[in-house]
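Listed below, chain by chain, are the residues.
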2 protein chains.
Amino acid sequence: MAVVAAELHDAVEVRLADDDQRYTSGRRALVELLAVAHRPLTVAEVLERADGLTQSSVYRNLSLLEHAGVVHRVVTEDEFARFELAEDLTGHHHHHLVCSSCGTVDDFTLDASLEEALDDALASAASTVGFEVRQHRLDLVGTCRRCRR
Amino acid sequence: MAVVAAELHDAVEVRLADDDQRYTSGRRALVELLAVAHRPLTVAEVLERADGLTQSSVYRNLSLLEHAGVVHRVVTEDEFARFELAEDLTGHHHHHLVCSSCGTVDDFTLDASLEEALDDALASAASTVGFEVRQHRLDLVGTCRRCRR
DNA sequence: ATTTATGCAAATCGTTTGCAAACCT
DNA sequence: AGGTTTGCAAACGATTTGCATAAAT
């Protein structure tokens, strides 16, 4: 009853193996959940959507998956950490729309050519101060459609 | 013995007054500290640099200053919130270099023309999904000069 | 059989808050 | 005096961790 492509799980399994970790059913359930949500989820949201998952194991496994490069942690001004699949697993580079009214974080993408220009400009600006860029994070903070009216 | 321009304090006082708040000496000390640090500071860093400031008042006043639009809260992957003066007070739009090794957050600026192109592209991309952008946040995550070697 | 993962409950730690004393105006 | 701010210590809450049991190899 896989909702997600088998290749995703294969790739996850490889990354976990590289980190000497097993791909247990709880971890698989987390990956499934994050794959079908099209936005980063909080631990509370994960627990609502899954049963059989326990809070401490969710925290532990999300950290472990993060360490293995499977999952990425998203932080915003609010008090909850959010988690999404790593971009290089989904092949889907994206940014976030952070609603300062309800806290929800949604994904969105930027035009590829602008993205490229941005990347180049960032890398060169950073190198002048001796900083080596591994990743950029571009979030838009504002008001989402549902909170607009 | 003002280390910072008097106009800054005047502007802060106005914003606080608009929010029915007084500009007390503790709050003034916070503004002074944030003005001379050229990067966002954690509460621990604030307490190291100032004496006469107490932890709970620092937290309380930073929140209050944030509410009045004087101070901006910066969150990163690590466990500490950081604070800086609001950009429209300093007149200095900037971004952050977040070192994933030591956690330090430094300021840096982007070429004005790129910044403008980015702003336009972001606003139009966001509007297609009904999101109203108030602010963008662009952080570079990587390794700072000191952690490089 | 030995190692690793899980679930529960307790601990951790940055941050928030209640309350009484100090400070303005 | 009347209202606000401060300092201290206690409370809070998201996350982490210790430990005993269950699962995997």
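Residues numbered from 1 in each chain as written. Chains lettered and ligands numbered in written order. Predicted model: local features only at pLDDT ≥ 70, side-chain atom pairs only at ≥ 80, totals over all residues. Heavy atoms only, no water.

S.K.: It is not clear to me how the layout of surface pockets should be interpreted in this structure. Could you clarify?
M.R.: If you roll a probe as big as a water molecule over the atoms, it shows you where there is empty space left. Size it by volume and the largest pocket reaches roughly 820 Å³. Around the largest pocket, the lining is made up of 33 residues, and of these His-72, Arg-134 and Gln-135 of chain A together with Glu-77 and Val-141 of chain B lie nearest the centre. Breaking the lining of the largest pocket down by element, the ones donating at least two residues are helix H4 (55-67), strand E2 (71-74), helix H5 (87-90), strand E4 (95-99) and strand E6 (132-143) of chain A together with strand E4 (95-99) of chain B. With seven residues, the top contributor of residues to the lining of the largest pocket is E6 of chain A. The class makeup of the residues in the lining of the largest pocket is nine nonpolar, 12 polar and 12 charged. As a volume, the second largest pocket reaches approximately 700 Å³. Lining the second largest pocket are 32 residues, and of these Glu-77 and Val-141 of chain A together with His-72, Arg-134 and Gln-135 of chain B sit closest to its centre. At six residues, the largest contribution of residues to the lining of the second largest pocket is made by strand E6 (residues 132-143) of chain B. Here the residues of the lining of the second largest pocket sort into nine nonpolar, 12 polar and 11 charged. (1 Å grid on protein atoms, 1.4 Å probe; cavity = no way out; pocket = protein on both sides within 12 Å on 5 of 7 lines; lining within 4 Å. Points joined across faces, edges and corners; volume = space filled by probe spheres on them. Helix = DSSP H or I, 4+ residues; strand = E, 2+ residues; numbered from the N terminus. Nonpolar A, V, L, I, M, F, W, Y, C, P; charged D, E, K, R; others polar.)

S.K.: Sorry if this is basic, but what is going on with the environment of Arg-28 of chain A here?
M.R.: Residue and element names in this part refer to chain A. Mapped onto the elements of the fold, Arg-28 is located in helix H2 (residues 25-36). The class for Arg-28 is partly exposed, based on a relative accessible area of 36%. Along the chain, Arg-28 and His-9 lie 19 residues apart, while their C-alpha atoms are 7.6 Å from each other. What Arg-28 contacts, discounting residues up to four positions off in sequence, is His-9 and Tyr-23. (Buried < 20%, exposed > 50% of the residue type's maximum accessible area, 1.4 Å probe, protein only. Contact = heavy atoms within 4.5 Å.)

S.K.: How should the pattern of salt bridges be read in this particular structure?
M.R.: Where side chains of opposite charge bring their charged atoms close, a pairing between them can arise. One pass over the structure, following the stated rule, counts 12 salt bridges over all chains. Across the salt bridge formed by Arg-39 of chain A and Glu-45 of chain A, the nearest N and O atoms sit 3.3 Å from each other. A salt bridge links Arg-137 of chain B to Glu-77 of chain A, with the nearest nitrogen and oxygen atoms 3.0 Å apart. One end of the pair, Arg-137 of chain B, is in strand E6; the other, Glu-77 of chain A, is in the loop between E2 and strand E3 (82-85), on a second chain. Taking the relative accessible area as the measure of exposure, Arg-137 of chain B reaches 8% and is therefore buried. Note on Glu-77 of chain A: relative accessible area 33%, which makes it partly exposed. Several salt bridges converge on common partners, so that one network encompasses Glu-77 and Asp-139 of chain A together with Arg-137 of chain B. (Salt bridge = Lys/Arg side-chain N within 4 Å of Asp/Glu carboxyl O.)

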